[in-house]
Amino acid sequence: MVNTSKKLIGDATPSEACNMSCLSFPPTGKRTIESGESNSLLLIGQRGSGKTTLINNILNKLNKNVDINQNAFIVKLHGLVHTDDRLALKEITSQMNLENAVDGKVFGSFAENLAFLLACLRMGQREISKGVIVILEEFDLFCTHHNQTLLYNLFDISQSAQTPLCVVGITCRLDVIELLEKRVKSRFSHRQVFLFPEDSSDLGDSDLDVYLDNIEYYLSFTNDFKCDLPTNYKRKWNNTILTLTSDKKLKTLLQRLMDIDSNERILKNILMVVVSTLNDENKTIKVENFEQEINKLEENESLNILLDLSVLEMCLLIAIKHHCDIYDNEIMNFEMIFTRFTKFVNTNSNIQTVQRPVLMKAFEHLQNMELILPISQDGAKVQKEYRMFKLLLPPQLITEAVSFGITSIFGLHKLHTSRRHGRVPSCHAINIWVRNFEITRSALERKPLLQRTTENMEVVRAFIARSPTQSPRKYPAALNLNRTSIHRIIRTFKLPCATFIELMTEMINDDPNFISNLIISDEDHIYLNAELKTRKKLLQYP
């Protein structure tokens, strides 16, 4: 499996796009080594387009014609590793074998390191000095260093007749030139090379076919590969790879992988893990190995990070989400989030008040975990409370984290579900509503319903018998009872429908003209002795 490991670890590529790019790439490094010409250029392209692969292939081809180790120094720096000029200078002196030049003087202060390195580079002559090729990965991150001292001195040396120096910057940002200071930009040669990824449509193949071809290329044994393995084993292995690439389940898994990211680097990482699982018991690559790695890739690591946050940090993150929802993803600072969090605490008695320094510490921890990103303000020095930040998480992820594992924490889910308008009721208020509803059948604050006890029924009965013409509206004030209770008690005194019908039938039989001579008002009363009367006497006309 040595052949496969070299393909996966190295910069080998099955396409011819990289070879075509090598032919069209400016021969800057070759001129630096052979002719002592200093220059600088930027290689710009999106991630996964093959920028680093192109540079390495150019150096490998150049090494076939010129011995780079004997005629030049290759210095490689990375913006994510060398985060300031001090680390970058130490790495340059280390790769150029200058540590022991002056009894360890290079390990002094930053000014001494820079002066020593510049003196070494300026003492050389173009005709006899070795060329130096400096490759800066993530060039845009070097632009964020203080005063861009490293870039200024490298570009300044490349513009002078001193040691041959070629500076190659690799970046994915199209506006990288705008990040350079004026004095640095004036010393840059403004040579830019744009690298675009290979379009499979131009070749007549789909992206899935390209993925399958890459897998076959990386995992198969080539004819020119020399090893001690038998020829039958190589043939059997290649047939296994062909069978694997024709599997429908593998094609479905690769389609899922392409939906996440079609970068070839991710495919190579998955293949490396799959190959590393081979042993004496598992001698062939199976589709299940790909499925397991793709399932791991689809797991959302950010969700696991959110689930590990403390309650206070999660509250701040929810407050940031509310700010982004209200102000359409505008940048914010600590003061804005502190004000929003304080308003929620003041309106909810169940949330404990947290001191300002504690909240500031939690806010800084969110920054250290790279959940929020500070926004540069043109080098202006502002207090940390007013420094602007940007949320790096999608709002849906925060919602999923709250609903997934933190809803049991009282108040946190309520903070998340609160909106800009209106106040969320507290736990005490909700308990009062429930208690009122159980007693009065209403969530509003009302007097509790009185039971229809025998004493209350006798009091109402005696009052109605004593004052039959009294309006029912005055019963509550006269009896000092609840209106609803009085109505319920009176409802038990009313005559059944059958008794009323019998009474009316008897009156009609006694007087055939009873109905035609009877006028009834809208305030009728049925008394307890089964007598039907009105507040005003019944009017009968002869």
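Remember, predicted model here, so these are calculated numbers, not experimental data.

(A) Representation of unusual backbone geometry within the structure. With a phi close to 50°, Gln 148 is a non-glycine residue in the positive phi region. Positionally, Gln 148 belongs in the loop between helix H8 (139-142) and helix H9 (149-158).

(B) Molecular detail of the sheet that holds strand S4 (residues 165-171). Pairing is parallel in the open sheet, where 5 strands are placed in the order S2-S3-S4-S1-S5. The open sheet is flanked by strand S2 (72-78) and strand S5 (192-195), the only strands paired with a single partner. Averaged over all neighbouring strand pairs, the angle between strand axes comes to 15°, with direction disregarded. H9 rests against strand S1 (39-45), S2, strand S3 (131-137) and S4 of the sheet, and its axis sits at about 135° to S4.

(C) Layout of a negative patch on the surface. Taken together, the side chains of Asp 207, Asp 209, Asp 213 and Glu 216 make up a negatively charged region of the molecular surface. Inspection of the secondary structure assignment puts Glu 216 in helix H11 (residues 207-219).

(D) Region of the structure containing a nonpolar patch on the surface. Together, Leu 174, Phe 194 and Phe 196 line one region of the surface with nonpolar side chains, adding up to about 390 Å² of accessible area. Position of Leu 174 among the secondary structure elements: in the loop between S4 and helix H10 (182-185). Classification of Leu 174 as exposed rests on a relative accessible area of 64%.

(E) Inspection of the packing of H11 against helix H12 (residues 231-245) at higher detail. Interhelical geometry of H11 versus H12 gives an angle of 165° and a closest axis separation of 10 Å. For the element pair H11 / H12, the angle class is roughly antiparallel. Like other packed secondary-structure pairs, H11 and H12 cross with a definite hand, here right-handed. On H12, the residues that touch Leu 212, Ile 215, Glu 216 and Leu 219 of H11 are Trp 237, Ile 241, Leu 242 and Thr 245. Across the contact of H11 with H12, the residue classes break down as 6 nonpolar, 1 polar and 1 charged.

Procedures and definitions
- Residues numbered from 1 in each chain as written.
- Predicted model: local features only at pLDDT ≥ 70, side-chain atom pairs only at ≥ 80, totals over all residues.
- Heavy atoms only, no water.
- Helix = DSSP H or I, 4+ residues; strand = E, 2+ residues; numbered from the N terminus.
- Pairing = 2+ DSSP bridges.
- Axes fitted to C-alpha atoms, helices over the stretch in contact; angles between N-to-C directions.
- Contact = heavy atoms within 4.5 Å.
- Patch = residues over 30% accessible without salt bridge, like charges linked within 9 Å, V, L, I, M, F, W, Y side chains within 5 Å.
- Areas by Shrake-Rupley, 256 points an atom, 1.4 Å probe, with all protein chains shown as cover.
- Salt bridge = Lys/Arg side-chain N within 4 Å of Asp/Glu carboxyl O.
- Lys, Arg positive; Asp, Glu negative; His and termini not counted.
- Charge placed at Lys NZ, Arg CZ, Asp CG, Glu CD.
- Buried < 20%, exposed > 50% of the residue type's maximum accessible area, 1.4 Å probe, protein only.
- Parallel < 35°, antiparallel > 145°, perpendicular 65-115°, else oblique.
- Left-handed = near helix turned anticlockwise from the far one by under 90°.
- Nonpolar A, V, L, I, M, F, W, Y, C, P; charged D, E, K, R; others polar.

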